[in-house]
Structure formats: structure tokens, C-alpha cells
Amino acid sequence: MYNTIIVPIDVGHMERAESMIGTARQLGPDAEIILANAIETMPSHIMAEIPADLISDAKNRAKEKLEGLLETAGPKASVKMLEGHAASAILDLAEDSNADVIVIASHKPGWQDYLIGSTAARVVRHAKCAVFVIR
């Protein structure tokens, strides 16, 4: 069984969260589960045009959504908000927390995914731990 499990959740697709958490619970019934969300870092010229409170509000709303899942995730669950490119932030968190497995959801790939690759595909290619992909 696994001891530390990362579950990156896109708050735009919360309908998949419970399935991902359920899978994590099956993989490690007594594992520490880290629910994570990555906020993309924007270039400074774009940040200058966006009201500062708009971004902090978005981060707070995302964190609240993840915290709402803590009871479902179990007693050893926590929330981690990440910044940066989603795949890189997830991989860094997995390495920093010595994760045993990442449970990530994948969507039906579109044309752009074949050119640049989806977050799940990048995580699968570069993770140093096991990756469980949910379709």
C-alpha cells in the first residue's frame, strides 16, 4: 500500500474529485492524502492589468473548494495550494513530500494536447513515483 498520495484537483472539474479521492483511499486506506491545486503564474505585463484582489479571491475560492473535500479524503488529508505550471508544480510537490503515488484525472485529449501534451501526460512522463490516471 501507499503512504503518501498526491491528488491534484482542477477546481474547474470538481465532479471528478470524489472519484479521485475514492481511488486514493483504495490505494492507501491509511495514507496521507494531499489535495493540491495549481494556480498558473501569469507574466507581469498581464498581472498589471488584473485587479490584485481578483487573483487572491480566485485562490481563496479554490482553497475553500478543496477544504470542503477534506472530510471525504479522511483524517490524514491536507490541502496544498501550488503556484506555477500545473505539471511542474505537481511534480515538485510529489518530490518534496516523498509521495508514493499521484492520482490524477485525464480528460479526453483534444488537438492541442497532441501538440503540447496535457498536464496528466506530462506528470506521467516525468514523475519519479507511480502515477494512477483516472479517465
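Being a predicted model, the structure only gives us computed values, none of them experimental.

Asker: Looking at this structure, how should I read helix α3 (residues 52-67)?
Answerer: With 16 residues, α3 should cover 22 Å at 1.5 Å per step; its first-to-last C-alpha distance of 23 Å lies within 8% of that length. Among all positions in α3, only I55, A62 and L66 are buried. In a view along the axis of α3, the buried residues occupy a sector of 40°, so they form one face of it.

Asker: Honestly, the pairing of strand β1 (residues 4-8) in this entry has me stumped. Any pointers?
Answerer: A regular strand places its side chains so that they alternate between the two faces of the sheet. Within β1, 5 of the 5 residues are buried, which leaves it mostly tucked inside the rest of the structure. Of the two faces of β1, both are covered, the one formed by T4, I6 and P8 as well as the one formed by I5 and V7. For β1 and strand β2 (residues 32-39), the ladder comprises 5 bridges, and the chain directions are parallel. From the neighbouring strand, P8 faces β2, where its bridge partner is A36. As paired strands, β1 and strand β4 (residues 101-105) are joined by 2 bridges and run parallel to one another. Within the sheet, the bridge partner assigned to I6 lies in β4 and is I102.

Asker: Looking at this model, I keep getting lost on the nonpolar core. Mind explaining?
Answerer: Among the nonpolar cores identified, the biggest contains 18 residues, and I5, V7, I9, I33, L35, L69 and V103 are the most heavily contacted of them. Among the secondary structure elements, those contributing two or more residues to this core are β1, α1 (17-27), β2 and β4. For this core, the element with the most residues is α1, which contributes 5 residues. Not counting residues up to four positions away in its chain, the partners in contact with I33 are I5, V7, A24, R25, A73, K76, A77 and S78. Counting residues in hydrophobic clusters, the runner-up holds 17 residues, among them A89, A120, V123 and C129.

Definitions and cut-offs
Residue positions are given per chain, counted from 1 along the sequence in the order it is written. Local features in a predicted model are, by the rule used here, given only for residues with pLDDT of at least 70; side-chain atom pairs are given and counted only at 80 or more, and totals for whole chains, interfaces and linings are based on all residues. Processing note: side-chain calculations cover all non-hydrogen atoms of the structure and skip hydrogens and water entirely. Secondary structure follows DSSP: runs of H or I at least 4 residues long count as helices, runs of E at least 2 residues long count as strands, and numbering of each begins at the N terminus. Multiplying one less than the number of residues by 1.5 Å gives the expected span of a helix. Any residue under 20% of the maximum accessible area for its type is buried, any over 50% is exposed, and the rest in between are partly exposed; the area is computed with a 1.4 Å probe on protein chains only. What the arc covers is the set of directions going from the helix axis to the C-beta atoms. Two strands qualify as a pair provided that DSSP identifies no fewer than 2 bridges between them. What makes a nonpolar core is a set of buried Ala, Val, Leu, Ile, Met, Phe, Trp, Tyr and Cys residues whose side-chain atoms join them at distances within 4.5 Å. Pairs of residues are marked as contacts when any of their non-hydrogen atoms sit within 4.5 Å.

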